[in-house]
Amino acid sequence: MTQVRREPAILLGAGIVALAVSAIRPASYGTWLLEVLPALIAAPVLVLTYRRFPLTPLAYRLILAQALILMVGGHWTYAEVPAGDWVRDALGLDRNPYDRLGHLFQGITPAIIAREILLRRTPLRPGGWLFALVVCVVLGISACWEFFEWWSALIGGSAADDFLGTQGDVWDTQWDMFLAMIGAILSQLVFGRPHDRQLSFARSNHLERPGGRR
């Protein structure tokens, strides 16, 4: 149980170190800031709500994984991440696919967070309605992110090109939302049962009181 309580602090420390490293001579500080902004917003929120509404270890681990993806994309820009270039060349793709990974995780991580909140704060239980509602929530989040990219482009003009990362694909927005949806579906199929076990463990060990209060 001590390890469960310490893990969020360890993950937070790892995220802070990774953030500092990603800020060392990025391709563009403006693009870097826009890309890591979700992590900069999420971290204080998670710290402030930890005592009242701690998440499961799975949720915290996925949040860190997505934050690392954002930091890597912010450092190089999504279109220029070296690992993505390697995959593009190895598979003969037309574009660097790293941003596709980012939008896939834009479905994977929010799906578990939305699932956890709905299971702990509403009468919903694991099943078809929960599954469908989580996918809808993720699609809503993905749409809001596309709005944010659109507004950034209107404000920044050509300076926002690296942040948008469309790489000439006119269907980039649709692909982004489609991948977020696929991520939400895969996340629930792969992590649903482990997530239920962690929620059950939290309840049985009195890590939270009914209704999500400690």
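Each value, and the rule that gives it
Residues numbered from 1 in each chain as written. Predicted model: local features only at pLDDT ≥ 70, side-chain atom pairs only at ≥ 80, totals over all residues. Heavy atoms only, no water. Helix = DSSP H or I, 4+ residues; strand = E, 2+ residues; numbered from the N terminus. Buried < 20%, exposed > 50% of the residue type's maximum accessible area, 1.4 Å probe, protein only. Core = buried A, V, L, I, M, F, W, Y, C linked by side-chain atoms within 4.5 Å. Contact = heavy atoms within 4.5 Å.

Undergrad: Quick rundown of unusual backbone geometry? Include the residues and the values.
TA: Peptide bonds are, in most cases, trans, and in most cases residues other than glycine have a negative phi. Of note in this structure, Arg-25 is not a glycine but carries a positive phi near 45°. If you trace the backbone, Arg-25 turns up in the loop between α1 (2–22) and α2 (29–49). On the basis of relative accessibility, which here comes to 74%, the residue Arg-25 falls in the exposed class. A positive phi angle is found at Thr-77, which is not glycine, with a value near 75°.

Undergrad: So what's going on with the nonpolar core? Which residues, and what values?
TA: Core analysis: the biggest nonpolar cluster contains 17 residues, and Leu-55, Leu-62, Ile-69, Tyr-78, Tyr-98, Phe-105 and Ile-112 have the highest contact counts within it. Listed by contribution, the elements that provide at least two residues to this core are α3 (57–76) and α5 (98–121). Ranked by residue count, the leading element in this core is α3, at eight residues. What Tyr-78 contacts, discounting residues up to four positions off in sequence, is Glu-35, Ile-69, Leu-70, Gly-73, Asn-96, Tyr-98, Asp-99 and Gly-102. In this structure, Leu-118, Leu-130, Ala-184 and Leu-199 belong to the second largest nonpolar core, which totals ten residues.

Undergrad: Explain the environment of Thr-109 to me, using residue names and the numbers behind them.
TA: Along the chain, Thr-109 falls in helix α5. Taking the relative accessible area as the measure of exposure, Thr-109 reaches 3% and is therefore buried. Between the C-alpha atom of Thr-109 and that of Ala-180, which follows or precedes it by 71 residues, the distance is 9.7 Å. Contacts of Thr-109, omitting those with residues within four sequence positions, involve Leu-62, Ile-63 and Gln-66.

Function cannot be read off these values alone, since they describe shape.
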